[in-house]
Amino acid sequence: MLKSANTPNSKSWKVLIMDKVTLKVMSSSCKMADITDEGISLVEDLFRRRQPMPSMDAIYFIQPSKENMVMFLSDMSGREPLYRKAFVFFSTPVPKELVNHIKSDTSVLPRIGALREMNLEYFPIDSQAFVTDHEMALEELYGDNAENSRKFDACLNTMATRIATVFASMKELPSVRYQGRGADATVSSPRELVPSKLASSVWNCLTKYKATIPKFPQKETCDLLILDRSVDQIAPIIHEWTYDAMCHDLLDMEGNKCVLEVPSKTGGPPEQKEVLLEDTDPVWVEIRHLHIAEASERLHDKMTNFASKNKAAQLSQASRDGAEISTRDLQKMVQALPQYQEQVEKLSLHVEIAGKISRIIREMGLRDLGQLEQDLVFGDAGTKELINFLRSKQGSPSENKLRLLMIYASVHPEKFEGDKGLKLMQLAKLSSEDMKPVKNTRLLARSQDNQNKSSGSFSLKFDAHRRKVAVRKDRTNGEEEAWALSRFYPMLEEIVDHLSKDELSKNDYQCLNEPAALDKEGSQNGGSVRGGSSAKTNGPHSMRSRRTATWAKPHHSDDGYSSDSVLKNASTNVKKMGQRIFIFVIGGATRSELRVCHKLTSKLRREIILGSTSIDDPLQYITKLKLLSEKELSFEGIRI
């Protein structure tokens, strides 16, 4: 977009003007330095008063709304426009009436250098995830009487448009599937229709793209599965023990920014240090999905390895030991010093973060809590163990006890019938207000018959004659058992695995557009449908299938060690993979689900891209559940 505005007649430096949404799109996709490199000297807000710059060209990246169009025309019309020429790029398709509005202003037309639809209105989270920025999706789509609200349709329409722009920008046409009701199921609530309504809206947008976007695929090139939060109500609240999840769960983070207290370099009081945990940090990319204990070990090994290989580190140690340093050695030390300081600081910050997380785990007694959570999920613990824990851990934070009861309610919904829920609430010393998230899960839940059938190859409950009740099959192997509390996996892992093998029930996960003769062998067995020499090429293929999306390309960074290979191999490996799988979760996705998508990408040899209305940490999700209903609810009739 920015490069295309560099025409022979345009000025070298330009002004970039955006609205609130497109500013967020741009901020999540690139840094200010990237924008400056393309000749942008100033970034402006469309709705703020701006200084006239009649000698400069302007790039408008805006949504195609009436309000934005009025502002643009007021900038560029009349005898004295704010800018010499305007290059206008819209984030989504432009309605014809707005185009006609521009054409009707004869003073503006000669000043327009470009007028294009970018179809770019989603927000990348990392190399394999994006959100549509609908933080209130749960309330607007699943709250009390949500379907009768104006926000219901507005939320769905905007969500569908933004999802469609993902496929437009990547030149992919998906086979659209969605979480359905089952062949014989009856609709117990309009909320159960939300995935199907979103799927229809997305497909309507894609149908228009097929007719309007040049070189857009006419046959299916990938899979899209739309789910809602009812598919797994445990994943958003259980303690996930990876480095990434622990950072967002236990630390006071703002987005991907973490603020730490680090020792002062001058020996004074501790200093505040901001750390960005993102794909540009190779250490973060390497350890984010590791168990917190393994991540700590890996950081220790990297620090030791760094000290043994870095010249500046060796000479610094030698000087502290009193050894004589030659002039040549001093020269080498000075040359290595800037890189040495940068690398030491980067590693040290991660060591500080991991150490802080470990202290919190010890202080809050999270190991015992985490063990009970997973035992409940896998059927190795029940009511007795829960009651013993609540009695012996009276001082545990209310939030942790609430999360434990929410997991218990998901496994044993019958235990919350009558006044049984009230007794557990009293034992946990939680108020009625605290318990709202437990009560409100019924607004997300599907009918019990539907849920049992769609939960995978096993039922929610085991045979009535057996005492063990589990909502996950224990699939641990030797590698996973090396780390405690690593048994849990989100249901998304099983669903994606079944989807890749074409084993998902077509009744429970219905298809809007049956794909034309897909190359099943290539997509299921890891064979490439992206241009490998051994792949079959008869089936449909992506117009951009030989590379990952631009926003998904990791920035290469070199710290001289193993972390760099993680980034260098990330984009090149995509070339060898089969067709992409897109998963979209309405109501918020979790860190564990994001981890699973990265894991399955390697396992299935298909790039798994996770989309959602938002990426929620446990506290955020619980807060959203509280807002689903402001009415007082009884425990009677809750089915989770």
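You'll find the structure just up there.
In this text the structure is predicted, and so the values were computed from the model without any measurement.

**Details of the overall build of the protein**
In terms of regular secondary structure, the protein is built from 23 helices and 15 strands. The buried share among the 640 residues of the protein stands at 53%. Of the roughly 29300 Å² of accessible surface on the protein, 49% is carried by carbon and sulfur atoms.

**Looking at unusual backbone geometry**
Trans is the prevailing form of peptide bonds, just as negative phi is the prevailing case for residues other than glycine. Positive phi, close to 50°, is recorded for Asn-119, a residue that is not glycine. Positionally, Asn-119 belongs in the loop between β5 (112-117) and β6 (123-126). Of note, the phi angle at Lys-171 is positive, near 50°, even though the residue is not glycine. Along the chain, the position of Lys-171 falls in the loop between α6 (150-170) and β8 (174-179).

**Some details on the nonpolar core**
In this structure, Leu-141, Leu-198, Leu-206, Tyr-243 and Ile-357 are the most contacted members of the largest nonpolar core, which totals 105 residues. The biggest single contributor to this core is α6, with 11 residues. Contact partners of Leu-141, with chain neighbours within four places excluded, come to Ala-146, Phe-152, Cys-155, Leu-156, Met-159, Arg-191, Val-194 and Ile-586. Among the nonpolar cores identified, the runner-up in size contains 38 residues, and Val-21, Leu-504, Ile-583 and Ala-589 belong to it.

**Details of empty space enclosed by the protein**
According to the stated counting rule, one finds 5 cavities of 30 Å³ or more in the structure shown. By volume, the second largest cavity is sized at about 110 Å³. If you go around the second largest cavity, you meet 15 residues; those closest to its centre are Ile-238, Glu-240, Ala-245, Arg-591 and Pro-618. Of all elements in the fold, only α8 (243-250) and α22 (591-604) reach the threshold of two or more residues within the lining of the second largest cavity. Looking at which element gives the most residues to the lining of the second largest cavity, the answer is α8, with 3 residues. Its residues placed into classes, the lining of the second largest cavity shows 5 nonpolar, 4 polar and 6 charged.

**Some details on the pattern of salt bridges**
On inspection of all chains with the given rule, the structure shows 30 salt bridges. Arg-403 serves as the salt-bridge partner of Asp-249, at 3.0 Å between the closest nitrogen and oxygen. Of the two residues, Asp-249 is situated in helix α8 and Arg-403 in helix α15 (residues 398-411); the sequence distance between them amounts to 154 residues. Each member of the pair, Asp-249 as well as Arg-403, is classed as buried. Across the salt bridge formed by Asp-375 and Arg-487, the nearest N and O atoms sit 3.1 Å from each other. With Asp-375 in helix α13 (residues 366-377) and Arg-487 in the loop between α18 (448-454) and α19 (491-500), this pair connects stretches of sequence that are 112 residues apart.

**Re the sheet that holds strand β2 (residues 40-45)**
Strand order in the open sheet formed by 5 strands is β2-β1-β3-β4-β5, and the pairing between neighbours is parallel. In the strand order of this sheet, the two ends are held by β2 and β5, each with one partner. Neighbour to neighbour, the strand axes of the sheet diverge by 15° on average, direction disregarded. Bridging between strand β3 (residues 57-62) and strand β4 (residues 86-90) involves 5 bridges; their strand directions are parallel. Looking across to β4, one finds that Ile-62 is bridged to Phe-90.

**Looking at the side chain of Asp-617**
For Asp-617, the location among the structural elements is in the loop between β15 (606-612) and α23 (618-626). Of the polar contacts made by the side chain of Asp-617, one reaches the side chain of Arg-591; its length is 3.3 Å. Beyond its immediate sequence surroundings of up to four residues, Asp-617 is in contact with His-248 and Arg-591.

**Looking at the sheet that holds strand β9 (residues 222-228)**
Taken in spatial order, the 7 strands make up an open sheet running β6-β7-β15-β14-β9-β8-β13, and their pairing is mixed. The outermost strands of the open sheet, each flanked by one partner alone, are β6 and β13 (509-511). Recorded for the sheet is a direction-independent mean angle of 25° between the axes of neighbouring strands. With 3 bridges joining them, strand β7 (residues 129-131) and β15 adopt parallel strand pairing.

**Brief notes about the packing of aromatic side chains**
Inspection of every chain in the model, using the stated rule, returns 8 aromatic pairs. Note on Tyr-60 and Tyr-83: the rings are 6.4 Å apart at their centroids and 75° apart in plane angle, and the pair reads as edge-to-face. Of this pair, Tyr-60 sits in strand β3 while Tyr-83 sits in the loop between α3 (66-76) and β4, and the two are 23 residues apart along the sequence. A relative accessible area of 0% means that Tyr-60 is categorised as buried. By relative accessible area, which is 1% here, Tyr-83 ends up buried. Seen from their ring centres, Phe-130 and Phe-584 are 6.3 Å apart, and the 35° between their planes marks the pair as tilted.

Calculation notes
Residues numbered from 1 in each chain as written. Predicted model: local features only at pLDDT ≥ 70, side-chain atom pairs only at ≥ 80, totals over all residues. Heavy atoms only, no water. Helix = DSSP H or I, 4+ residues; strand = E, 2+ residues; numbered from the N terminus. Buried < 20%, exposed > 50% of the residue type's maximum accessible area, 1.4 Å probe, protein only. Areas by Shrake-Rupley, 256 points an atom, 1.4 Å probe, with all protein chains shown as cover. Core = buried A, V, L, I, M, F, W, Y, C linked by side-chain atoms within 4.5 Å. Contact = heavy atoms within 4.5 Å. 1 Å grid on protein atoms, 1.4 Å probe; cavity = no way out; pocket = protein on both sides within 12 Å on 5 of 7 lines; lining within 4 Å. Points joined across faces, edges and corners; volume = space filled by probe spheres on them. Nonpolar A, V, L, I, M, F, W, Y, C, P; charged D, E, K, R; others polar. Salt bridge = Lys/Arg side-chain N within 4 Å of Asp/Glu carboxyl O. Pairing = 2+ DSSP bridges. Axes fitted to C-alpha atoms, helices over the stretch in contact; angles between N-to-C directions. Polar contact = N/O pair within 3.5 Å; in protein donor to acceptor, adjacent residues only side chain to side chain. Phe/Tyr/Trp six-rings, centres within 6.5 Å; stacked < 30°, edge-to-face > 60°.

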